[in-house]
Amino acid sequence: MEVKTLPSACPTRWWSTLKLVKRFLENQLPIFKTLSEYTNKKHLMLEGNEISPLEDFTTVTELLEDITSSLSGEQYTTASAVLPLYMKIKDNLQNKDEDSSLLKSIKSEILESLNKYESHPMSSNLQLSTLCDPRFRLNFIESPEEVKKLAVAKMRNIYTTQKTSNPDNFENIETRTKEQNKKELAKLFDVFSSNSNSENTRNPSQEMSSMNIYLCQEFHSNMIPSIGGRFTTNLSHL
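Residue numbers restart at each chain and count upward from 1, following the sequence in its written direction. Restriction of local features to residues with pLDDT of at least 70 applies here, the model being predicted, together with a cutoff of 80 or more for giving and counting side-chain atom pairs; totals for whole chains, interfaces and linings are based on all residues. As a convention, hydrogens and water are excluded, and side-chain values are obtained from all of the structure's heavy atoms.

Mind laying out the overall build of the chain, listing which residues take part and the relevant values?
Working definition: helices are DSSP H or I runs of at least four residues, strands are E runs of at least two. Numbering for both runs from the N terminus. Tallying secondary structure elements over the chain gives 10 helices and 2 strands in all. Shown N-terminal to C-terminal, the secondary structure of the chain runs as helices and strands in the order α-α-α-α-α-α-α-α-α-α-β-β. Expressed as a percentage of the 238 residues in the chain, the buried residues total 29%. We call two residues in contact when some of their heavy atoms are within 4.5 Å. Relative to all contacts within the chain whose residues are 6 or more apart in sequence, the contacts with residues 24 or more apart total 59%. Residue burial is assigned from relative accessible area. The probe radius is 1.4 Å, only protein chains are included, and a residue is buried under 20% of its type maximum, exposed over 50%, and partly exposed in between.

Here is the structure:
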């Protein structure tokens, strides 16, 4: 028989409390039987009205635990998933008719603490990261046209800065990239376009057209952003 114990809760790691509560809820019967064998410990067993709040707590925080784990990886990119997961949290925390008053209160508290990130200085960078991730692109961005324009402007600025600061090296990179005929995100943004020899010849409509080509491309697993050659985990289960 497999021996199971109740894990300890650590104040600095909120998910340890979740693990403790989940383990208790999964093993209520054996815990009750064990406590009932000791007359001086029967009072430790929770009653039905005390178990319901634990179930509410688990309902709200299980998704947060999954998201925390997904965003804690070191071998794959996570910035591009922040906004999609943030939207997932907000959607999951919407009140339902069958929710208890406690459950609604917990959801409201979490949502209120998240609202401050709506206008966070990093929001534009997170939107660009999401756009550059072929799994998400514009699906979780509230102002897609503005973000598209911002992305094109950013790429144009990077192109100009690099070409001005190190023209010889940039020319070598440009030539090598053309020879390799790569289909990377940079090329889709027209960074190494044959029409990009001069800022005066750059066509904004071509830049946006390249952006739209990227947005319409069919998604393949080898397009997933990675670090060190390892692909990021699939977040579809969230």
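Next comes the rest of the write-up.
Just give me the short version of the nonpolar core, but keep the residues and values in it.
Core analysis: the biggest nonpolar cluster contains 14 residues, and V60, I67, I89, L93, I110 and L114 have the highest contact counts within it. Apart from the residues lying within four places of it in its own chain, the contact partners of L114 are Y86 and I89. L131, I141, V147 and M211 belong to the second-largest nonpolar core, a separate cluster that totals 9 residues. In plain words, nonpolar cores are sets of buried Ala, Val, Leu, Ile, Met, Phe, Trp, Tyr and Cys residues tied together by side-chain atoms within 4.5 Å.

Report on the packing of helix α3 (residues 48-70) against helix α5 (residues 101-114), specifying residues and quantitative values.
Angular values range over 0 to 180 degrees, each being the angle between N-to-C directions of two axes fitted as lines to C-alpha atoms, with helices fitted over their stretch in contact. One can describe the packing of α3 onto α5 by two numbers: an axis separation of 9 Å at closest approach and a directional angle of 30°. One way to sum up the angle between α3 and α5 is to call them roughly parallel. Relative to α5, α3 is oriented so that their crossing is right-handed. Contacts between α3 and α5 pair P53, D56, F57, V60 and L64 from the former with L102, L103, I106, K107 and I110 from the latter. Residue polarity is assigned by list, with Asp, Glu, Lys and Arg as charged and Ala, Val, Leu, Ile, Met, Phe, Trp, Tyr, Cys and Pro as nonpolar; anything else, Gly included, falls into the polar class. Here the contact of α3 with α5 is composed, by residue class, of 8 nonpolar, no polar and 2 charged. Put simply, angles under 35 degrees are roughly parallel, angles over 145 are roughly antiparallel, angles from 65 to 115 are roughly perpendicular, and the rest are oblique. In this scheme the crossing of two helices becomes right-handed for a clockwise turn of the near helix relative to the far one and left-handed for an anticlockwise turn of less than a right angle.

Quick rundown of helix α7 (residues 144-165)? Include the residues and the values.
Note: α-helices contain 3.6 residues per turn, so residues at a spacing of three or four share the same orientation. Here the expected length of a helix is defined as 1.5 Å per residue gap, with one fewer gap than residues. Given a rise of 1.5 Å per residue, 22 residues ought to cover 32 Å, and the 31 Å separating the end C-alpha atoms of α7 matches this to within 8%. The set of residues buried in α7 consists of V147, K148, A151, V152, M155 and Y159. Each buried residue of α7 lies within a common arc of 140° when the element is viewed along its axis, so the set occupies one face. In α7, those exposed residues whose orientation departs by more than 90 degrees from the buried face are E146, K149, T164 and S165. What the arc covers is the set of directions going from the helix axis to the C-beta atoms.

I'd love a proper account of the pattern of salt bridges, names of residues and values included.
Salt bridges are identified by distance alone: a Lys or Arg side-chain nitrogen within 4 Å of an Asp or Glu carboxyl oxygen. This structure, assessed with the given rule, holds 6 salt bridges. The shortest N-O distance in the salt bridge between K19 and E65 comes to 3.0 Å. With a gap of 46 residues between them, K19 in helix α1 (residues 14-26) and E65 in helix α3 connect regions that are remote in the sequence. Judged by relative accessible area, which is 41%, K19 ranks as partly exposed. Relative accessible area serves as the criterion here: at 11%, E65 is assigned to the buried category. Across the salt bridge formed by E62 and K22, the nearest N and O atoms sit 3.4 Å from each other.

Any details on the packing of α1 against α3? Residues and values, ideally.
Between α1 and α3, whose axes approach to 9 Å, the crossing angle comes to 130°. As summarised for this structure, α1 and α3 are arranged oblique, according to the angle between their axes. Two packed elements cross with a definite hand, and for α1 against α3 that hand is left-handed. Listed contacts from α3 to W14, W15, T17, L18, K19, V21, K22, F24 and L25 of α1 are I51, L54, E55, F57, T58, T61, E62, L64, E65 and T68.

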